[in-house]
Amino acid sequence: MSAWIFGATSRVGEALARHWAQRGYDIVLSARRREEAEAIASDIALRFRVRAHVLVLDATDIDGHEAAILAMAASSGAIDHAALVFGDMGDQEGSQADSAAAAHVINVNYTGAVSICETLAALMIEQGSGNIIGVSSVAGDRGRASNYIYGSAKGAFTLYLQGLRNRLHEHGVGVLTVKLGFVDTRMTWALQSGLPKATPEASAAAIAAAVERGENVMYYPRFWAGIMGIIRAIPEPIYKRLKIG
Amino acid sequence: MTDIWAEREVSGWGRVPRATMLCARADHPRDVAAALAARGGEPMIAHGLGRSYGDAAMMRGGRVVFTRRLDRMLAFDEASGVVRVEAGVSVEDLILAFLPRGFFPPVVPGTWFVTVGGAIAADIHGKNHHVAGSFGDHVRAIDILVASGDVVHASRDENADLFAATIGGMGLTGVILSAEFAMERVAGPLIDMESIKFENLDEYFAVNAESDAFSHTVSWIDCTTRGDAMGRGIYMRGRHSSVLGAGDPFDAGVVDDAMKLVNARPFEANWLLNGLSIRAFNTAYFNKQLKKRVAAQAHFKSFFFPLDSVRGWNHLYGDRGFMQYQMVVPDREAVREVLTEITGAGMASFLAVIKDFGATCNGGLSFPRPGTTLALDFPNHGAPLLALMERLDRIVATAGGRVYLAKDARMSRDTFREMYPDWEAWRDVKERWDPNHHFQSEQGLRLGLCGGASS
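Thresholds applied
- Residues numbered from 1 in each chain as written.
- Chains lettered and ligands numbered in written order.
- Predicted model: local features only at pLDDT ≥ 70, side-chain atom pairs only at ≥ 80, totals over all residues.
- Heavy atoms only, no water.
- Pairing = 2+ DSSP bridges.
- Helix = DSSP H or I, 4+ residues; strand = E, 2+ residues; numbered from the N terminus.
- Axes fitted to C-alpha atoms, helices over the stretch in contact; angles between N-to-C directions.
- Contact = heavy atoms within 4.5 Å.
- 1 Å grid on protein atoms, 1.4 Å probe; cavity = no way out; pocket = protein on both sides within 12 Å on 5 of 7 lines; lining within 4 Å.
- Points joined across faces, edges and corners; volume = space filled by probe spheres on them.
- pLDDT = per-residue confidence, 0-100.
- Buried < 20%, exposed > 50% of the residue type's maximum accessible area, 1.4 Å probe, protein only.
- Disulfide = S-S within 2.5 Å.
- Phe/Tyr/Trp six-rings, centres within 6.5 Å; stacked < 30°, edge-to-face > 60°.
- Lys NZ or Arg CZ within 6 Å of the ring centre and 35° of its normal.

What follows is about the sheet that holds strand E9 (residues 151-155) of chain B. Pairing in this open sheet of five strands is antiparallel, and the strands run E5-E6-E10-E8-E9 (chain B) from one edge to the other. Bordering the open sheet on either side are strand E5 (73-76) and E9 of chain B, each of which pairs with just one other strand. When the angles between neighbouring strand axes are averaged without regard to direction, this sheet yields 15°. Bridge count between strand E8 (residues 139-145) of chain B and strand E10 (residues 175-182) of chain B: six bridges; the pairing is antiparallel. Paired with Ile142 of chain B across the strands is Ala179 of chain B, a residue of E10 of chain B. Running at roughly 60° to E5 of chain B, helix H2 (residues 34-48) of chain A makes contact with E5 and strand E6 (82-86) of chain B of the sheet.

Turning to empty space enclosed by the protein, a few remarks are in order. Rolled over the atoms, a probe as big as a water molecule pinpoints where empty space is left. Residues and elements named next belong to chain B. In this structure the tally under the stated criterion is three cavities of 30 Å³ or more. Considering only enclosed or pocket space, the largest cavity measures out at about 40 Å³ in volume. Residue lining of the largest cavity: Val16, Tyr53, Gly54, Phe322, Met323, Gln324, Met389, Lys407, Asp408, Ala409 and Arg410, and that is the complete set. The biggest single contributor to the lining of the largest cavity is strand E18 (residues 322-329), with three residues.

Turning to the confidence of the model for chain B, a few remarks are in order. Residues and elements named next belong to chain B. Looking at chain B, the pLDDT average stands at 91 and 93% of residues meet or exceed 70. Low confidence marks residues 251-261, where pLDDT is under 50. Its contacts with residues over four positions away, or in another chain, come to 10 contacts. Scoring the predicted complex yields pTM 0.94 and, for the interface, ipTM 0.94.

Our focus in this paragraph is unusual backbone geometry. Cis geometry is found at the peptide bond from Tyr220 of chain A to Pro221 of chain A, where omega equals -10°. If you trace the backbone, Pro221 of chain A turns up in the loop between strand E7 (217-220) and helix H8 (224-233). Positive phi, close to 65°, is recorded for Arg15 of chain B, a residue that is not glycine. The topology assignment puts Arg15 of chain B in the loop between strand E1 (6-11) and strand E2 (18-25). On the basis of relative accessibility, which here comes to 10%, the residue Arg15 of chain B falls in the buried class. The backbone of Met170 of chain B sits at a positive phi, close to 55°, despite the residue not being glycine. In this structure, Met170 of chain B sits in the loop between helix H5 (160-166) and E10. Judged by relative accessible area, Met170 of chain B falls into the buried class, the value being 8%.

Should the sulfur atoms of two cysteines be covalently bonded, the bond is a disulfide. All names here are of chain B. A full pass over the atoms with the stated rule returns zero disulfides over all chains. The thiol of Cys450 is not disulfide-bonded; the next cysteine sulfur, from Cys23, is found 17 Å away. On the basis of relative accessibility, which here comes to 0%, the residue Cys450 falls in the buried class.

What the rule picks out here adds up to 27 aromatic pairs over all chains. With 6.3 Å between their ring centres and 90° between their planes, Phe300 of chain B and Phe305 of chain B make a pair best called edge-to-face. Among the aromatic residues, those joined into a cluster by ring pairs are Phe104, Trp112, Phe113, Phe300, Phe303, Phe304 and Phe305 of chain B. The ring of Tyr239 of chain A carries Arg142 of chain A above its face, with NZ or CZ at 3.8 Å from the centroid. Taking the ring centre of Phe214 of chain B as reference, the NZ or CZ of Arg239 of chain B above it sits at 4.6 Å.

In structure tokens, the structure reads:
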């Protein structure tokens, strides 16, 4: 049994890795920074007595994805779960002013994620099993002035996962789209909001449970499904005048 | 980029003082260095699980960096028991990971919710101080972020001055990022223990004198009774059992569920713990044990961490918070004087603990030294309590004793210097590594350990 985490040095990614390691899965930790990924790998191996491998990967290095993932897969065996947890919000104003900055945000959150998913999809079709978990964002549900470059990349990723799910269903491969609201991570540390922040551990447990149930799309915290339902329902002539977030 | 600084309310375990200040939370060691670089020229202090009681891990007008998420175990040698972990790893993490392999932390305090970084910074002690010394005695090396922005490896052989000053240094020499120490080999989760009732302080010392064969000793002591029964209590002594215990030697799930049973926060009220309820509790506790001596096998959780089963028990003291007074004195007469002063003051201590330390003494700002230590909790009565503590300070200082910095929220600079004669040598080391005082805490400022106050 093995579970792969792309974006393993994020706290939600690390929490997912711990969750599955505690249940006996060997873990592949993919991240850009080797040193931090290796610290997490040592920790998981020591705490849960499973094997933990490090796969150094940059989401934007699309040409390198396939070879790196295949090489790791050759030594780690079948992939039960592969979760893409990485993301980069960038800076909206910076992305507006500098098209390279905008392209980077799009490449990390969308192009890079697609590239990794396609390689995983091919492997899982061959296996005839597996789950791909794409962590998208509520920001991808509707464009907002304050973060639409990031939001559009996540929205595209959400749409991509929908198509991938449609394609992989007949191969026995599941695809779960996760739309996270506020989780207590570095992304939301300085965020002032009346809404509660979920812990990374609770988020990880909820994601793993949704995978077990074969869910297709989940919001977490769950109440975000209601919030986003309302936000999506606002007619565009009104929505464009609103200042939300 | 999202901002790494945000306003958060920070306090010690006693919840006095508490205040809002700018805080960052490190996910990885490099985040601590980033926080130091981006602290806007203000002083900074690390904050782990917040179990020091007073103002040691906070800094109004400065910055606080939370280290709890630096919680990775980096290496473990099954043969020697030597472990290397990030500084935010807790005693709980260590026990859950290593007790199933037959290892236990070498020294544990009265709660398992402390980080390794905090255990080193406060040079914590446990029930086995008389045989094992304090936590710092078991630390082989640390990696510490110092004021220059460098991460320095320090041990007894390498950067020995920094190493020694960091053990017990209350976080003022830098931010500990990781540490290496030896775990103790044990058979399982059980403790063979005895509880012995003692009727007064003399009897405590008598029982203590015949308890050498036990690696772990501690006593609960009734601080509400005067006269002949002053200092009555229950002496608990034990050792890690060689018996594995029935069934699963360690079921983390059961312990975890038990921990969630009681949460003190809904009971938060200033009136709950008053003179009457405290006296009633102490009398009931003393009378709970009917026999003079009871031998039993206990789970390590109830033996080492009895209060951890009440989440947030510090909230029982209400919004006013509480203060702890812990001191060590080299002679028995001073213990008697302290007890007389407390029972006479009419400010009851809900929970009081007494123990005799062993011979080891780490110098610097480290607390343990040979003698008897007494730890007392007081609801925050304000001025009368502060006055009582000043009177206790006099008794302790005169006897050549000292107050524990991890419990302190109010000691005066002069008293501190009287109690810790090594303070000047310690500050020389601090200034060698942190000449511009990047690392400061409210306690450090109050005690004249940082902030350039050389008077």
